[in-house]
Amino acid sequence: MYAAVRRYEGVVDPAEAGRLVAEGFVPLVRQVPGFVAYYWIDAGNGVMLSTSVFQDRSGAEESIERAARFVRDNLAAHLPNPPQVTAGDVVASA
């Protein structure tokens, strides 16, 4: 498995960002081949994280591209700063 984590700082309206992600992005990411799981996390203090898990690297990379387009087109007002993106092989899970 392969995972991608995106950290967004300076989130203006976490509740609205969460609603938009749930209604708009989640259906898009579920369509990516190899999809396993997706989580959108409110870490508090204007920080939100997303975690995407896929069967392989190509799925995770596709999710990163789809996320960038979705944020640009739908969330720019709520997520004013570019995310910190970290991706890699899942080496342990439960």
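Residues numbered from 1 in each chain as written. Predicted model: local features only at pLDDT ≥ 70, side-chain atom pairs only at ≥ 80, totals over all residues. Heavy atoms only, no water.

K.L.:
Go over the side chain of serine 52, please, and point to the residues and values.
P.N.:
By secondary structure assignment, the location of serine 52 is in strand β3 (residues 47-54). Reaching out from serine 52, the side chain makes a polar contact with the side chain of arginine 6 at a distance of 3.1 Å. For serine 52, the contacting residues outside a window of four places in its chain are Tyr2, Ala3, Ala4, Arg6, Val29, Ala37, Tyr38 and Ser63. (Helix = DSSP H or I, 4+ residues; strand = E, 2+ residues; numbered from the N terminus. Polar contact = N/O pair within 3.5 Å; in protein donor to acceptor, adjacent residues only side chain to side chain. Contact = heavy atoms within 4.5 Å.)

K.L.:
Any chance you could break down the side chain of arginine 6 for me, citing the residues and the numbers?
P.N.:
On the secondary structure map, arginine 6 appears in strand β1 (residues 2-9). The side chain of arginine 6 is buried and forms no salt bridge, while glutamate 65, the nearest opposite charge, is found at 11 Å. When near neighbours in sequence (up to four residues on either side) are disregarded, arginine 6 contacts Phe25, Tyr38, Met48, Leu49, Ser50, Ser52, Ser63, Ile64, Ala67, Pro83, Gln84 and Val85. (Buried < 20%, exposed > 50% of the residue type's maximum accessible area, 1.4 Å probe, protein only. Lys, Arg positive; Asp, Glu negative; His and termini not counted. Salt bridge = Lys/Arg side-chain N within 4 Å of Asp/Glu carboxyl O.)

K.L.:
Requested: an account of the sheet that holds β3, with residues and values cited.
P.N.:
Within a beta sheet, neighbouring strands are joined by backbone hydrogen bonds and run either parallel or antiparallel to one another. Reading across from one edge, β2-β3-β1-β4 is the order of the 4 strands in this open sheet, with antiparallel pairing throughout. Either end of the sheet is taken by a strand with one partner, and the two such strands are β2 (35-44) and β4 (84-89). For this sheet, the mean angle separating the axes of adjacent strands, direction not counted, is 15 degrees. With 8 bridges joining them, β1 and β3 adopt antiparallel strand pairing. Each residue of the ladder has a partner; that of tyrosine 2, found in β3, is phenylalanine 54. Seen against the sheet, helix α1 (residues 14-30) touches β1, β2 and β3 and runs at an angle of roughly 170 degrees to β2. Contacting β1, β3 and β4, helix α2 (residues 57-75) crosses the sheet at an angle of about 25 degrees to β1. (Pairing = 2+ DSSP bridges. Axes fitted to C-alpha atoms, helices over the stretch in contact; angles between N-to-C directions.)

K.L.:
Which residues make up α1, and what values do they have?
P.N.:
The principal kink in α1, of about 40 degrees, is found at alanine 22. Turning to α1, its buried residues number three or more, namely Ala17, Gly18, Leu20, Val21, Phe25, Val26 and Val29. Against β1, β2, β3 and α2 lie the buried residues of α1. (Bend = angle between axes of the 7 residues up to and from the residue.)

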